[in-house]
Amino acid sequence: MAALFLPCAAGVEPLLVDECKRLLGDKAQVMAARGGVVVHGDALTAMRLNLHSRLAQRVLWPLAHAPYRSEHDLYDLARTVRWGDWITPQQTFRIDTTAQRSPLQSLNFATLRVKDGLCDVLRDATGERPSVDTRFPDLPLTLHLSATDATLYADTSGEALFKRGWREAKGEAPLKETLAAAMLAAAGWRGRAEDGALFDPCCGAGTIAIEAAQIACGIAPGLQRRFAFEKMLPFRTHQNALRQMKDEARALKHAPAVPLFAGDVAFRMTDFATRNAERAGVSQAIEFKTADALQRLPPAETGVMMLNPPYGERIEPKGSRGGERIEPKGSPAAKERGSREGFEGGGSPAEFFSQLASHWKRHYAGWSAYVLSPDMKLPQALRLKENQRTPMWNGPIECRLFRFDLVAGSARTPKPDTEADPATESPRA
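Note that the structure is a prediction, hence the values are computed from the model and not measured.

Draft legend 1. Structural detail: the overall build of the chain. A count of helices and strands for the chain gives 12 helices and 15 strands. Across the 429 residues of the chain, 54% fall into the buried class. The contacts of the chain with a sequence gap of at least 6 include a subset with a gap of at least 24, amounting to 78%.

Next up, the structure:
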(Lines give C-alpha, C1' and ligand atoms only; values in the text may rest on other atoms or scores of the structure.)
Protein backbone atom coordinates (compact mmCIF):
# COMPACT_ATOMS: atom_id res chain seq x y z
CA MET A 1 0.00 0.00 0.00
CA ALA A 2 1.21 3.50 -0.83
CA ALA A 3 0.04 6.97 0.17
CA LEU A 4 -0.94 8.21 -3.30
CA PHE A 5 -1.21 11.97 -3.71
CA LEU A 6 -3.81 13.41 -6.07
CA PRO A 7 -3.25 17.16 -6.65
CA CYS A 8 -6.25 19.26 -7.60
CA ALA A 9 -7.24 22.90 -8.04
CA ALA A 10 -7.42 24.91 -4.83
CA GLY A 11 -10.88 24.72 -3.30
CA VAL A 12 -11.67 21.35 -4.92
CA GLU A 13 -10.16 19.16 -2.17
CA PRO A 14 -13.47 18.28 -0.39
CA LEU A 15 -15.11 17.44 -3.72
CA LEU A 16 -12.19 15.17 -4.64
CA VAL A 17 -12.45 13.37 -1.29
CA ASP A 18 -16.10 12.60 -2.05
CA GLU A 19 -15.26 11.46 -5.57
CA CYS A 20 -12.51 9.10 -4.38
CA LYS A 21 -14.87 7.52 -1.86
CA ARG A 22 -17.49 6.98 -4.56
CA LEU A 23 -14.90 5.34 -6.81
CA LEU A 24 -13.16 3.22 -4.18
CA GLY A 25 -15.88 2.64 -1.58
CA ASP A 26 -16.60 4.21 1.78
CA LYS A 27 -13.93 2.09 3.49
CA ALA A 28 -11.15 3.64 1.40
CA GLN A 29 -8.61 5.67 3.36
CA VAL A 30 -8.95 9.14 1.86
CA MET A 31 -7.80 12.38 3.48
CA ALA A 32 -7.86 15.98 2.28
CA ALA A 33 -4.49 17.73 2.22
CA ARG A 34 -3.25 21.10 1.09
CA GLY A 35 -3.62 21.21 -2.68
CA GLY A 36 -4.94 17.70 -3.07
CA VAL A 37 -5.99 14.42 -1.50
CA VAL A 38 -4.04 11.48 -0.03
CA VAL A 39 -5.40 8.02 -0.88
CA HIS A 40 -3.94 4.82 0.58
CA GLY A 41 -3.96 2.14 -2.11
CA ASP A 42 -2.09 -0.18 -4.41
CA ALA A 43 -1.35 -0.32 -8.14
CA LEU A 44 -4.96 -1.22 -8.96
CA THR A 45 -6.12 1.81 -6.94
CA ALA A 46 -3.83 4.10 -8.93
CA MET A 47 -5.10 2.63 -12.20
CA ARG A 48 -8.77 3.04 -11.23
CA LEU A 49 -8.27 6.65 -10.12
CA ASN A 50 -6.48 7.52 -13.37
CA LEU A 51 -9.29 6.01 -15.41
CA HIS A 52 -12.25 7.42 -13.49
CA SER A 53 -11.30 10.60 -11.60
CA ARG A 54 -12.69 13.79 -13.10
CA LEU A 55 -11.31 16.15 -10.46
CA ALA A 56 -7.71 15.05 -9.86
CA GLN A 57 -4.95 16.62 -11.91
CA ARG A 58 -2.61 13.63 -11.54
CA VAL A 59 -2.10 10.45 -9.53
CA LEU A 60 1.35 10.52 -7.90
CA TRP A 61 3.05 7.44 -6.40
CA PRO A 62 5.48 8.25 -3.55
CA LEU A 63 9.03 6.97 -3.96
CA ALA A 64 11.05 8.77 -1.27
CA HIS A 65 10.62 11.44 1.39
CA ALA A 66 13.16 13.11 3.69
CA PRO A 67 14.23 16.45 5.17
CA TYR A 68 16.78 18.39 3.16
CA ARG A 69 19.01 21.43 3.52
CA SER A 70 20.99 21.39 0.27
CA GLU A 71 21.09 19.88 -3.20
CA HIS A 72 23.44 17.19 -1.89
CA ASP A 73 20.61 15.94 0.35
CA LEU A 74 18.46 15.58 -2.76
CA TYR A 75 21.14 13.46 -4.41
CA ASP A 76 21.19 11.21 -1.35
CA LEU A 77 17.38 11.02 -1.41
CA ALA A 78 17.39 9.86 -5.05
CA ARG A 79 19.92 7.15 -4.25
CA THR A 80 17.53 5.58 -1.68
CA VAL A 81 15.12 4.52 -4.44
CA ARG A 82 15.43 1.08 -6.04
CA TRP A 83 15.31 2.48 -9.55
CA GLY A 84 15.80 -0.92 -11.15
CA ASP A 85 12.26 -1.75 -10.02
CA TRP A 86 10.90 1.20 -12.03
CA ILE A 87 13.04 1.71 -15.12
CA THR A 88 15.65 -0.01 -17.28
CA PRO A 89 18.73 1.71 -18.76
CA GLN A 90 17.08 1.48 -22.17
CA GLN A 91 14.12 3.58 -21.01
CA THR A 92 13.79 7.34 -20.53
CA PHE A 93 12.73 9.62 -17.69
CA ARG A 94 11.94 13.25 -16.90
CA ILE A 95 11.88 15.15 -13.59
CA ASP A 96 9.54 18.09 -12.94
CA THR A 97 10.24 20.12 -9.80
CA THR A 98 7.81 22.24 -7.80
CA ALA A 99 8.58 24.18 -4.63
CA GLN A 100 6.95 26.15 -1.85
CA ARG A 101 9.23 28.39 0.21
CA SER A 102 12.26 26.26 -0.66
CA PRO A 103 15.59 27.73 0.55
CA LEU A 104 17.41 26.47 -2.55
CA GLN A 105 18.64 29.07 -5.02
CA SER A 106 18.20 26.98 -8.19
CA LEU A 107 15.45 24.46 -8.85
CA ASN A 108 17.27 23.47 -12.04
CA PHE A 109 20.31 22.42 -10.00
CA ALA A 110 18.04 20.56 -7.56
CA THR A 111 16.54 18.66 -10.49
CA LEU A 112 20.02 17.89 -11.84
CA ARG A 113 21.14 16.38 -8.52
CA VAL A 114 18.12 14.06 -8.43
CA LYS A 115 18.88 13.04 -12.03
CA ASP A 116 22.47 12.29 -11.04
CA GLY A 117 21.33 10.13 -8.13
CA LEU A 118 18.96 8.11 -10.32
CA CYS A 119 21.54 7.57 -13.05
CA ASP A 120 24.29 6.64 -10.60
CA VAL A 121 22.11 3.96 -8.98
CA LEU A 122 21.39 2.31 -12.33
CA ARG A 123 24.96 2.67 -13.56
CA ASP A 124 26.30 1.03 -10.39
CA ALA A 125 23.84 -1.85 -10.86
CA THR A 126 24.01 -2.38 -14.63
CA GLY A 127 26.92 -0.38 -16.02
CA GLU A 128 24.47 1.72 -18.06
CA ARG A 129 22.32 4.78 -17.45
CA PRO A 130 18.93 5.82 -18.86
CA SER A 131 18.39 8.94 -20.94
CA VAL A 132 16.26 12.02 -20.33
CA ASP A 133 13.25 12.59 -22.59
CA THR A 134 11.48 15.87 -21.85
CA ARG A 135 8.51 15.14 -24.14
CA PHE A 136 7.48 11.48 -23.89
CA PRO A 137 9.38 9.87 -21.01
CA ASP A 138 8.78 6.27 -19.95
CA LEU A 139 9.03 7.35 -16.31
CA PRO A 140 7.84 10.89 -15.49
CA LEU A 141 8.90 11.96 -12.00
CA THR A 142 7.82 14.83 -9.79
CA LEU A 143 10.02 16.35 -7.09
CA HIS A 144 8.21 18.55 -4.58
CA LEU A 145 10.15 20.75 -2.17
CA SER A 146 8.62 22.35 0.89
CA ALA A 147 10.62 24.65 3.16
CA THR A 148 12.09 21.65 4.98
CA ASP A 149 11.16 18.38 3.23
CA ALA A 150 11.56 16.80 -0.20
CA THR A 151 9.23 14.22 -1.72
CA LEU A 152 9.91 12.32 -4.92
CA TYR A 153 6.95 10.82 -6.81
CA ALA A 154 6.39 8.68 -9.89
CA ASP A 155 3.71 10.40 -11.96
CA THR A 156 1.44 7.51 -12.97
CA SER A 157 -0.71 9.79 -15.14
CA GLY A 158 1.88 11.28 -17.48
CA GLU A 159 -0.06 14.02 -19.21
CA ALA A 160 -2.32 15.91 -16.82
CA LEU A 161 -5.68 14.20 -16.32
CA PHE A 162 -7.65 17.17 -17.65
CA LYS A 163 -6.43 16.03 -21.06
CA ARG A 164 -9.24 13.58 -21.71
CA GLY A 165 -8.14 12.75 -25.24
CA TRP A 166 -10.98 14.38 -27.18
CA ARG A 167 -10.06 18.07 -27.35
CA GLU A 168 -8.55 19.39 -30.56
CA ALA A 169 -10.54 22.51 -31.36
CA LYS A 170 -10.50 25.20 -28.69
CA GLY A 171 -10.85 28.91 -28.16
CA GLU A 172 -8.37 31.40 -26.79
CA ALA A 173 -9.02 30.52 -23.12
CA PRO A 174 -10.48 27.03 -22.76
CA LEU A 175 -11.70 25.92 -19.36
CA LYS A 176 -9.88 22.83 -18.08
CA GLU A 177 -12.05 19.73 -17.98
CA THR A 178 -11.14 19.14 -14.32
CA LEU A 179 -12.47 22.59 -13.36
CA ALA A 180 -15.65 22.06 -15.37
CA ALA A 181 -16.15 18.79 -13.49
CA ALA A 182 -15.54 20.59 -10.19
CA MET A 183 -18.23 23.16 -11.04
CA LEU A 184 -20.71 20.36 -11.72
CA ALA A 185 -19.69 18.51 -8.55
CA ALA A 186 -20.09 21.66 -6.44
CA ALA A 187 -23.60 22.05 -7.84
CA GLY A 188 -24.39 18.42 -7.00
CA TRP A 189 -25.24 17.81 -10.67
CA ARG A 190 -24.51 14.17 -11.63
CA GLY A 191 -26.79 13.68 -14.64
CA ARG A 192 -29.58 12.00 -12.70
CA ALA A 193 -33.23 12.58 -13.59
CA GLU A 194 -33.71 14.58 -10.38
CA ASP A 195 -30.81 16.89 -11.31
CA GLY A 196 -32.72 18.34 -14.27
CA ALA A 197 -31.60 19.70 -17.62
CA LEU A 198 -28.14 21.25 -18.02
CA PHE A 199 -27.62 24.40 -20.11
CA ASP A 200 -24.46 26.40 -20.87
CA PRO A 201 -25.39 29.56 -22.79
CA CYS A 202 -21.74 30.72 -23.15
CA CYS A 203 -20.24 27.37 -24.05
CA GLY A 204 -17.07 28.41 -25.89
CA ALA A 205 -15.36 25.18 -26.94
CA GLY A 206 -18.02 23.20 -25.07
CA THR A 207 -16.03 21.96 -22.08
CA ILE A 208 -18.79 22.24 -19.45
CA ALA A 209 -21.48 20.71 -21.67
CA ILE A 210 -19.22 17.87 -22.84
CA GLU A 211 -18.07 17.07 -19.33
CA ALA A 212 -21.71 17.07 -18.17
CA ALA A 213 -22.74 14.85 -21.08
CA GLN A 214 -20.04 12.30 -20.31
CA ILE A 215 -21.21 12.23 -16.69
CA ALA A 216 -24.84 11.84 -17.79
CA CYS A 217 -23.86 9.02 -20.20
CA GLY A 218 -21.66 7.17 -17.71
CA ILE A 219 -18.48 7.63 -19.80
CA ALA A 220 -15.23 7.35 -17.82
CA PRO A 221 -13.01 10.40 -18.43
CA GLY A 222 -9.86 8.36 -19.12
CA LEU A 223 -11.24 5.93 -21.70
CA GLN A 224 -9.82 7.81 -24.70
CA ARG A 225 -6.26 8.33 -23.48
CA ARG A 226 -3.17 6.48 -22.32
CA PHE A 227 -1.37 6.76 -19.00
CA ALA A 228 2.29 6.80 -17.99
CA PHE A 229 1.87 3.79 -15.69
CA GLU A 230 1.31 1.59 -18.76
CA LYS A 231 5.10 1.73 -19.38
CA MET A 232 6.20 1.48 -15.74
CA LEU A 233 7.71 -1.82 -14.61
CA PRO A 234 5.58 -2.25 -11.43
CA PHE A 235 2.37 -2.01 -13.47
CA ARG A 236 3.27 -4.38 -16.30
CA THR A 237 1.85 -7.35 -14.45
CA HIS A 238 -1.51 -5.58 -14.25
CA GLN A 239 -2.21 -5.16 -17.97
CA ASN A 240 -5.06 -7.69 -17.89
CA ALA A 241 -6.58 -5.85 -14.94
CA LEU A 242 -6.42 -2.59 -16.90
CA ARG A 243 -8.17 -4.15 -19.89
CA GLN A 244 -10.86 -5.49 -17.58
CA MET A 245 -11.30 -2.07 -15.97
CA LYS A 246 -11.74 -0.47 -19.38
CA ASP A 247 -14.21 -3.15 -20.49
CA GLU A 248 -16.23 -2.63 -17.33
CA ALA A 249 -16.14 1.15 -17.87
CA ARG A 250 -17.38 0.80 -21.48
CA ALA A 251 -20.25 -1.39 -20.28
CA LEU A 252 -21.44 1.45 -18.02
CA LYS A 253 -22.18 3.76 -20.97
CA HIS A 254 -25.89 4.56 -21.32
CA ALA A 255 -28.27 7.13 -22.75
CA PRO A 256 -28.58 10.32 -20.67
CA ALA A 257 -31.52 10.65 -18.29
CA VAL A 258 -31.67 14.44 -18.77
CA PRO A 259 -31.39 16.79 -21.76
CA LEU A 260 -28.27 18.91 -22.24
CA PHE A 261 -28.09 22.20 -24.13
CA ALA A 262 -25.28 24.56 -25.06
CA GLY A 263 -24.75 27.61 -27.22
CA ASP A 264 -22.47 30.51 -28.01
CA VAL A 265 -22.84 33.84 -29.75
CA ALA A 266 -20.07 32.91 -32.25
CA PHE A 267 -20.66 30.34 -34.99
CA ARG A 268 -16.95 29.50 -34.85
CA MET A 269 -17.16 28.50 -31.19
CA THR A 270 -20.36 26.49 -31.66
CA ASP A 271 -18.64 24.61 -34.47
CA PHE A 272 -15.59 23.97 -32.26
CA ALA A 273 -17.83 22.69 -29.47
CA THR A 274 -19.81 20.43 -31.81
CA ARG A 275 -16.65 18.82 -33.20
CA ASN A 276 -15.24 18.36 -29.70
CA ALA A 277 -18.48 16.68 -28.62
CA GLU A 278 -18.23 14.29 -31.56
CA ARG A 279 -14.72 13.25 -30.55
CA ALA A 280 -15.87 12.84 -26.95
CA GLY A 281 -18.67 10.51 -28.05
CA VAL A 282 -21.50 12.70 -26.76
CA SER A 283 -22.63 14.69 -29.81
CA GLN A 284 -26.05 12.99 -29.71
CA ALA A 285 -26.52 13.96 -26.07
CA ILE A 286 -26.07 17.74 -26.48
CA GLU A 287 -28.20 20.17 -28.47
CA PHE A 288 -25.93 22.97 -29.71
CA LYS A 289 -27.32 26.25 -31.01
CA THR A 290 -25.60 29.45 -32.06
CA ALA A 291 -27.43 32.18 -30.18
CA ASP A 292 -26.85 35.25 -28.05
CA ALA A 293 -27.12 34.41 -24.34
CA LEU A 294 -28.94 37.73 -23.90
CA GLN A 295 -31.75 36.63 -26.21
CA ARG A 296 -32.00 32.84 -26.06
CA LEU A 297 -35.15 31.56 -24.40
CA PRO A 298 -35.07 28.63 -21.95
CA PRO A 299 -34.53 25.30 -23.76
CA ALA A 300 -36.50 23.49 -21.03
CA GLU A 301 -39.09 24.40 -18.42
CA THR A 302 -36.58 24.28 -15.55
CA GLY A 303 -33.02 23.16 -15.08
CA VAL A 304 -29.48 24.17 -14.18
CA MET A 305 -27.46 26.80 -16.04
CA MET A 306 -23.72 26.35 -15.68
CA LEU A 307 -21.51 28.99 -17.23
CA ASN A 308 -18.02 30.34 -17.22
CA PRO A 309 -18.72 33.77 -18.71
CA PRO A 310 -15.82 35.67 -20.29
CA TYR A 311 -13.72 37.91 -18.10
CA GLY A 312 -10.69 40.02 -18.84
CA GLU A 313 -8.09 37.81 -17.16
CA ARG A 314 -8.88 34.88 -19.46
CA ILE A 315 -7.66 36.76 -22.51
CA GLU A 316 -5.31 39.44 -21.21
CA PRO A 317 -4.17 38.78 -17.62
CA LYS A 318 -3.11 41.91 -15.76
CA GLY A 319 -2.78 40.79 -12.15
CA SER A 320 -4.69 38.49 -9.86
CA ARG A 321 -8.07 40.07 -10.63
CA GLY A 322 -7.45 43.17 -12.43
CA GLY A 323 -7.89 45.27 -15.37
CA GLU A 324 -8.82 44.64 -18.90
CA ARG A 325 -8.60 46.63 -22.10
CA ILE A 326 -12.02 47.72 -23.37
CA GLU A 327 -11.96 49.05 -26.92
CA PRO A 328 -14.52 51.65 -28.06
CA LYS A 329 -17.87 49.99 -28.70
CA GLY A 330 -18.41 49.35 -32.39
CA SER A 331 -14.72 49.46 -33.30
CA PRO A 332 -13.23 46.52 -35.27
CA ALA A 333 -11.18 45.48 -32.21
CA ALA A 334 -14.27 45.56 -30.01
CA LYS A 335 -16.24 43.46 -32.48
CA GLU A 336 -13.49 40.85 -32.60
CA ARG A 337 -13.25 40.85 -28.80
CA GLY A 338 -17.02 40.58 -28.55
CA SER A 339 -17.07 37.63 -30.92
CA ARG A 340 -14.41 35.66 -29.12
CA GLU A 341 -15.57 36.54 -25.60
CA GLY A 342 -19.31 36.32 -26.08
CA PHE A 343 -20.16 39.98 -25.54
CA GLU A 344 -22.59 40.93 -28.30
CA GLY A 345 -21.19 43.90 -30.19
CA GLY A 346 -18.10 44.09 -28.00
CA GLY A 347 -19.87 45.67 -25.02
CA SER A 348 -18.29 45.81 -21.59
CA PRO A 349 -18.68 43.03 -19.00
CA ALA A 350 -20.82 45.36 -16.85
CA GLU A 351 -23.26 45.88 -19.72
CA PHE A 352 -23.31 42.16 -20.45
CA PHE A 353 -24.13 41.12 -16.89
CA SER A 354 -26.77 43.83 -16.48
CA GLN A 355 -28.56 42.68 -19.63
CA LEU A 356 -28.10 39.01 -18.71
CA ALA A 357 -29.73 39.53 -15.32
CA SER A 358 -32.71 41.31 -16.89
CA HIS A 359 -33.11 38.47 -19.39
CA TRP A 360 -32.99 35.84 -16.65
CA LYS A 361 -35.56 37.65 -14.55
CA ARG A 362 -38.00 37.79 -17.46
CA HIS A 363 -37.59 34.27 -18.78
CA TYR A 364 -35.75 31.87 -16.44
CA ALA A 365 -37.87 31.72 -13.29
CA GLY A 366 -37.45 28.33 -11.64
CA TRP A 367 -33.91 27.80 -12.97
CA SER A 368 -30.72 27.72 -10.91
CA ALA A 369 -27.72 29.50 -12.41
CA TYR A 370 -24.11 28.73 -11.47
CA VAL A 371 -21.61 31.35 -12.58
CA LEU A 372 -17.81 31.09 -12.23
CA SER A 373 -16.28 34.56 -11.88
CA PRO A 374 -13.26 36.32 -10.32
CA ASP A 375 -15.50 39.31 -9.52
CA MET A 376 -16.49 39.03 -5.86
CA LYS A 377 -19.16 41.67 -6.45
CA LEU A 378 -20.84 39.79 -9.30
CA PRO A 379 -24.14 39.47 -7.38
CA GLN A 380 -24.33 43.27 -7.21
CA ALA A 381 -23.65 43.54 -10.95
CA LEU A 382 -26.49 41.08 -11.56
CA ARG A 383 -28.73 42.69 -8.90
CA LEU A 384 -29.30 39.20 -7.52
CA LYS A 385 -28.59 37.72 -4.10
CA GLU A 386 -26.49 34.58 -4.37
CA ASN A 387 -27.70 31.45 -2.61
CA GLN A 388 -24.22 30.01 -2.39
CA ARG A 389 -20.63 30.87 -3.26
CA THR A 390 -17.89 28.25 -3.56
CA PRO A 391 -14.20 29.25 -3.73
CA MET A 392 -12.37 27.90 -6.80
CA TRP A 393 -9.23 28.78 -8.74
CA ASN A 394 -9.19 28.97 -12.53
CA GLY A 395 -5.46 28.47 -12.98
CA PRO A 396 -3.87 31.44 -11.16
CA ILE A 397 -7.14 33.37 -10.99
CA GLU A 398 -9.07 33.33 -7.73
CA CYS A 399 -12.77 32.82 -8.47
CA ARG A 400 -16.09 32.02 -6.86
CA LEU A 401 -18.78 29.73 -8.20
CA PHE A 402 -21.95 31.70 -7.47
CA ARG A 403 -25.34 30.03 -7.32
CA PHE A 404 -28.48 32.05 -8.05
CA ASP A 405 -31.96 30.56 -7.70
CA LEU A 406 -33.97 32.61 -10.17
CA VAL A 407 -37.41 34.00 -9.39
CA ALA A 408 -39.67 35.82 -11.84
CA GLY A 409 -39.00 39.55 -11.73
CA SER A 410 -36.52 39.25 -8.88
CA ALA A 411 -34.33 42.29 -8.48
CA ARG A 412 -33.14 42.05 -4.93
CA THR A 413 -30.16 44.26 -4.27
CA PRO A 414 -27.81 42.47 -1.91
CA LYS A 415 -26.22 44.16 1.06
CA PRO A 416 -22.60 45.27 0.63
CA ASP A 417 -20.40 42.22 0.16
CA THR A 418 -18.93 41.15 3.50
CA GLU A 419 -17.73 37.73 2.45
CA ALA A 420 -15.39 36.07 4.89
CA ASP A 421 -14.99 32.58 3.53
CA PRO A 422 -11.94 30.65 4.65
CA ALA A 423 -10.48 29.97 1.20
CA THR A 424 -8.04 32.84 0.99
CA GLU A 425 -4.93 30.79 0.33
CA SER A 426 -2.60 31.81 -2.47
CA PRO A 427 -2.72 30.14 -5.89
CA ARG A 428 -1.12 26.74 -6.16
CA ALA A 429 0.10 24.87 -9.19
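Draft legend 2. Seen up close, unusual backbone geometry. Positive phi is not limited to glycine here, since R101 has a value of about 60°. As for its position among the elements, R101 is in the loop between strand 5 (92-99) and helix 4 (107-126). A positive phi angle, near 60°, is found at R383, a position not held by glycine. Mapping R383 onto the fold places it in the loop between helix 12 (378-382) and strand 14 (388-394). Classification of R383 as partly exposed rests on a relative accessible area of 29%.

Draft legend 3. View of the nonpolar core. W83 and I286 are the most contacted members of the largest nonpolar core, which has 98 residues in total. The greatest single-element share of this core, amounting to 7 residues, is contributed by helix 5 (residues 177-186). Those residues within four positions of I286 in sequence are excluded, and the remaining contacts are A209, I210, A213, L260, F261, A262 and A277.

Draft legend 4. Examining helix 2 (residues 43-52) more closely. Burial analysis of helix 2 places 8 of its 10 residues in the buried class, which makes it a mostly covered element. Within helix 2, burial applies to A43, T45, A46, M47, L49, N50, L51 and H52. Close packing links the buried residues of helix 2 with strand 1 (2-7), helix 1 (13-24), strand 3 (36-41), strand 4 (60-67) and helix 7 (239-251).

Draft legend 5. Quick look at the packing of helix 1 against helix 2. Packing of helix 1 against helix 2 brings their axes to within 11 Å, and their N-to-C directions diverge by 115°. For the pair helix 1 and helix 2, the sense of crossing is right-handed. On helix 2, the residues touching E19, C20, L23 and L24 of helix 1 are T45, R48, L49 and H52. Per-class residue counts for the contact of helix 1 with helix 2 are 4 nonpolar, 2 polar and 2 charged.

Draft legend 6. Quick look at the packing of helix 2 against helix 7. Contact geometry for helix 2 and helix 7: axes closest at 11 Å, N-to-C directions at 35°. Helix 7 is crossed by helix 2, and the crossing has right-handed handedness. On helix 7, the residues that touch L44, M47, R48, L51 and H52 of helix 2 are A241, L242, M245, K246, E248 and A249.

Draft legend 7. Region of the structure containing the sheet that holds strand 9 (residues 197-200). On the basis of which strands lie adjacent, the open sheet formed by 7 strands has the order 11-10-9-12-13-15-14 and mixed pairing. Of all the strands in the sheet, the pair left with one neighbour each is strand 11 (286-290) and strand 14. Strand after strand, the sheet turns through a mean of 20° between neighbouring axes, direction not considered. Bridge count for strand 9 against strand 12 (residues 303-307) is 3 bridges, and the pairing is parallel. What sits directly across from A197, in strand 12, is G303.

Draft legend 8. Just the environment of D200, in detail. Tracing the chain through its elements places D200 in strand 9. For D200, a relative accessible area of 1% translates into the label buried. Sequence-wise, D200 and L260 are 60 residues apart; in three dimensions their C-alpha atoms are separated by 8.5 Å. Apart from the residues within four sequence positions on either side, D200 is in contact with I208, F261, A262, G263, M306 and L307.

Draft legend 9. Region of the structure containing the layout of surface pockets. When its volume is computed, the second largest pocket comes out at roughly 680 Å³. Elements with a minimum of two residues in the lining of the second largest pocket: helix 1, helix 2, helix 5, helix 6 (207-216) and helix 7. Split into classes, the residues belonging to the lining of the second largest pocket amount to 14 nonpolar, 6 polar and 6 charged.

Draft legend 10. Highlighting the side chain of N50. Mapped onto the fold, N50 is located in helix 2. Under the relative-accessibility criterion, N50 is labelled buried at 2%. Here the side chain of N50 touches S157 through a polar contact of 2.6 Å, side chain to side chain. Ignoring sequence-local partners within four residues, the contact set of N50 consists of V59, T156, S157, L161, G222, F227 and F229.

Draft legend 11. Just the pattern of salt bridges, in detail. Scanning the entire structure with this criterion turns up 21 salt bridges. Between D155 and R58 there is a salt bridge whose closest N-O contact spans 2.7 Å. Here the residue D155 occupies a position in strand 8 (residues 149-155), and R58 occupies one in the loop between helix 2 and strand 4, the gap between them amounting to 97 residues. Here D85 ties to R82 by a salt bridge, and the two come within 3.3 Å at their closest N and O atoms. Where salt bridges share partners, they join R54, R164 and E211 into one cluster.

The rules behind the values
- Residues numbered from 1 in each chain as written.
- Predicted model: local features only at pLDDT ≥ 70, side-chain atom pairs only at ≥ 80, totals over all residues.
- Heavy atoms only, no water.
- Helix = DSSP H or I, 4+ residues; strand = E, 2+ residues; numbered from the N terminus.
- Buried < 20%, exposed > 50% of the residue type's maximum accessible area, 1.4 Å probe, protein only.
- Contact = heavy atoms within 4.5 Å.
- Core = buried A, V, L, I, M, F, W, Y, C linked by side-chain atoms within 4.5 Å.
- Axes fitted to C-alpha atoms, helices over the stretch in contact; angles between N-to-C directions.
- Left-handed = near helix turned anticlockwise from the far one by under 90°.
- Nonpolar A, V, L, I, M, F, W, Y, C, P; charged D, E, K, R; others polar.
- Pairing = 2+ DSSP bridges.
- 1 Å grid on protein atoms, 1.4 Å probe; cavity = no way out; pocket = protein on both sides within 12 Å on 5 of 7 lines; lining within 4 Å.
- Points joined across faces, edges and corners; volume = space filled by probe spheres on them.
- Polar contact = N/O pair within 3.5 Å; in protein donor to acceptor, adjacent residues only side chain to side chain.
- Salt bridge = Lys/Arg side-chain N within 4 Å of Asp/Glu carboxyl O.

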